[in-house]
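Topology and contacts: notes
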Amino acid sequence: SQAANALKQVHDEQPSYSDDENAEMDWDNLGFNPIATDFMYLMKCYKDEKFVQGQLSHYGNIQLSPSAAVLNYGQGIFEGMKAHRKEDGSLLLFRPDQHAIRMKIGAERMCMPSPSIDQFVDAVKQTLLANKRWVPPPRKGSLYIRPMLIGSGSALGVAPAPEYMFFTYASPVGNYFKQGKAPLNLYVEEELIRAAPGGAGGVKSISNYGPVMKALVNAKRQGFSDVLYLDSINKKYLEELSAANIFILKGNVISTPPASGTILPGITRKSVIEIAQDLGYQVEERAISVDELREADEVFCTGTAVGVASVGSVTYQGRRIEFKVGANSACQELGSALVGIQTGLIEDEKDWVLKI
Ligand code: PLP
Ligand code: COI
């Protein structure tokens with residue numbers, strides 16, 4: 001049929017890629033920087049319609065009208081997930097379906113059509129396979145895959161765009177923080193907030209990141225690793241970091257703020273909660289007052305980019321509170337368990353890893 005021919009043509013036009021093993025890279029010094037890889041995946045659709053068919057193309061700039069809704073009004077969301085290379089050469093993607101579901105929920109919040117779960121996972125798989133040579137060797141890092149959904153059509157008045165783009169690109173990454181795996185020193189921000197009830201803090205909207213840069217730059221200038229944000233109403237309860245969720249440990253109890261709209265419901269957060277419960281910790285999702293930091297044994301944060309990172313200190317109202325870090329910490333125990341599953345060293349009994 002005509003449709004089948006059109007589809008075949010789309011496929012035939014996809015650039016071919018080779019199966020070469022690793023790209024020429026200094027794999028020992030990966031940070032978290034954009035490295036242009038070979039291919040990206042792109043799919044478009046109109047408002048009120050569904051995404052139908054996307055395709056790979058060479059990695060490169062995308063064209064947008066100056067009046068694109070994403071540029072003018074921030075109508076855009078993104079995801080981030082990692083693929084690891086196992087010793088046997090297989091590639092392991094961590095919970096892509098969960099990221100697909102979160103994108104769907106975010107798209108709904110931002111009045112955008114979204115790819116189906118299968119379309120999302122297929123796009124991520126294709127992006128991974130096409131950029132296979134950029135997946136770092138075992139233990140050197142991972143390939144970070146970034147799906148984005150944007151209002152690409154023009155909007156001069158505030159309104160959903162008439163046209164949308166979904167694309168995924170990839171970049172090899174190592175440690176998120178410049179200091180590597182050293183414990184983080186956090187700064188509690190008391191003036192600027194990240195999100196308020198009713199806002200978009202609970203979805204991965206691009207509009208959640210620009211506004212925190214001021215607090216982040218200010219904290220980094222003072223030598224801190226990142227900012228710990230407080231709730232917008234009482235300026236008293238812990239929320240999260242600029243790009244990671246927060247946990248505290250006291251005795252055998254691990255607590256983390258509830259994902260009730262103002263923090264991002266992290267896939268790593270959810271995974272770590274489950275791992276912690278399996279390991280015998282008691283886990284509580286509840287409001288945590290900033291004052292509880294003084295009593296905490298450990299503090300750590302979680303995120304795809306960040307991993308499970310220990311926090312060495314939190315500075316609040318000019319006082320630096322310190323925590324246990326290093327060997328025998330719960331943070332290390334949970335981090336090793338998670339990384340073990342993600343890299344294939346520990347058997348994946350939970351069906352979290354998609355083997356490619
Ligand atoms: N919080 C924020 C604000 C983030 O940007 C991220 C990163 O995705 C996270 C938390 C952690 O979420 P996940 O574990 O799904 O990567
Ligand atoms: C991730 O952890 O995947 C993120 O999206 C964080 C990013 C803002 C750096």
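Only a predicted model underlies this, so the values are computations on that prediction, with no experimental measurement involved.

Regarding its fold elements, the protein presents seven helices and 16 strands. For 356 residues, the compact-globule estimate of 2.2 N^0.38 gives 21 Å, and the C-alpha radius of gyration of the protein, at 21 Å, lies within 12% of that figure. Projected onto its principal axes, the C-alpha coordinates of the protein cover approximately 70 × 55 × 35 Å. Relative to all contacts within the protein whose residues are 6 or more apart in sequence, the contacts with residues 24 or more apart total 70%.

Below, the discussion takes up the site of ligand 2. Close contacts around ligand 2 come from Gly80, Ala243, Gly303, Thr304 and Ala305, and that covers them all. Its residues assigned to classes, the shell around ligand 2 shows two nonpolar, three polar and no charged.

Every second residue of strand β9 (residues 226-229) is oriented toward a common face, with Asp226 and Leu228 on one face and Val227 and Tyr229 on the other, all of them buried. The sheet contact formed by strand β8 (residues 184-189) and β9 spans four bridges and is parallel. Bridge assignment links leucine 186 to a residue of β9, and that residue is aspartate 226. Note on the crossover from β8 through helix α5 (residues 213-221) to β9: the handedness is right-handed.

The next point concerns helix α4 (residues 117-130). Along its 14 residues, α4 runs 20 Å from first to last C-alpha, staying within 8% of the 20 Å computed at 1.5 Å per residue. Those residues of α4 not exposed but buried are Phe120, Ala123, Val124, Thr127, Leu128 and Ala130.

All right, on to the site of ligand 1 then. Around ligand 1 lies a shell of 13 residues, among which Gly266, Ile267, Thr268, Gly303 and Thr304 are the nearest. Tallying contributions element by element places helix α6 (residues 267-278) first for the shell around ligand 1, with three residues. Among the residues forming the shell around ligand 1, the class breakdown is four nonpolar, seven polar and two charged.

A separate point is α6. Between its terminal C-alpha atoms α6 stretches 17 Å, which fits the 16 Å expected from 12 residues at 1.5 Å a residue. When we look at burial in α6, the residues that qualify are Ile267, Thr268, Arg269, Ser271, Val272, Ile273, Ile275 and Ala276. Remark: glycine 280 follows α6 within two positions and exhibits a positive phi of approximately 100°.

Let us look at the packing of helix α3 (residues 96-109) against α4. What describes two packed helices is the angle between their axes and the distance between those same axes. At a closest axis distance of 9 Å, the pairing of α3 and α4 adopts a crossing angle of 125°. Relative to α4, α3 is oriented oblique. Our pair here, α3 against α4, has a crossing hand that is right-handed. Two secondary-structure elements touch here, α3 through Pro96, Asp97, Ala100, Ile101 and Met103 and α4 through Ile117, Phe120, Val121 and Val124. Residue composition of the contact of α3 with α4, grouped by class: eight nonpolar, no polar and one charged.

Membership of the largest hydrophobic core comes to 89 residues, with the highest contact counts inside it found for Val227, Leu228 and Cys301. It is strand β7 (residues 163-173) that contributes the most residues to this core, seven residues altogether. Not counting the four nearest positions on each side in its chain, leucine 228 is found in contact with Leu186, Tyr187, Val188, Glu189, Leu238, Leu241, Ile246 and Val314.

A few words now on unusual backbone geometry. Of note, the phi angle at lysine 235 is positive, near 50°, even though the residue is not glycine. Within the element layout of this structure, lysine 235 appears in the loop between β9 and β10 (245-250). The phi dihedral of aspartate 351 falls on the positive side, at around 65°, and the residue is not glycine. Among the residues examined, aspartate 351 registers 8 C-beta atoms within 10 Å and is labelled exposed.

The pairing of strand β14 (residues 307-316) with strand β15 (residues 319-322) spans four bridges and is classified as antiparallel. Within β15, the residue paired with serine 313 across the bridge is glutamate 322. Here β14 folds back onto β15, and the loop between the two strands holds two residues, one of which, glutamine 317, carries a positive phi near 50°.

With 95% of its residues at a pLDDT of 70 or more, the protein has an overall mean of 95. The ipTM assigned to the predicted complex is 0.98, against a pTM of 0.94.

How each quantity is defined
Residues numbered from 1 in each chain as written. Chains lettered and ligands numbered in written order. Predicted model: local features only at pLDDT ≥ 70, side-chain atom pairs only at ≥ 80, totals over all residues. Helix = DSSP H or I, 4+ residues; strand = E, 2+ residues; numbered from the N terminus. Rg over C-alpha atoms; globule rule 2.2 N^0.38 Å. Contact = placed C-beta atoms within 7 Å. Near = placed C-beta within 6 Å. Nonpolar A, V, L, I, M, F, W, Y, C, P; charged D, E, K, R; others polar. Buried ≥ 20, exposed ≤ 12 C-beta atoms within 10 Å, placed from the backbone. Pairing = 2+ DSSP bridges. Right-handed = clockwise from strand over helix to strand, strands pointing away. Expected span 1.5 Å × (residues − 1). Axes fitted to C-alpha atoms, helices over the stretch in contact; angles between N-to-C directions. Parallel < 35°, antiparallel > 145°, perpendicular 65-115°, else oblique. Left-handed = near helix turned anticlockwise from the far one by under 90°. Core = buried A, V, L, I, M, F, W, Y, C linked by C-beta atoms within 7 Å. pLDDT = per-residue confidence, 0-100.

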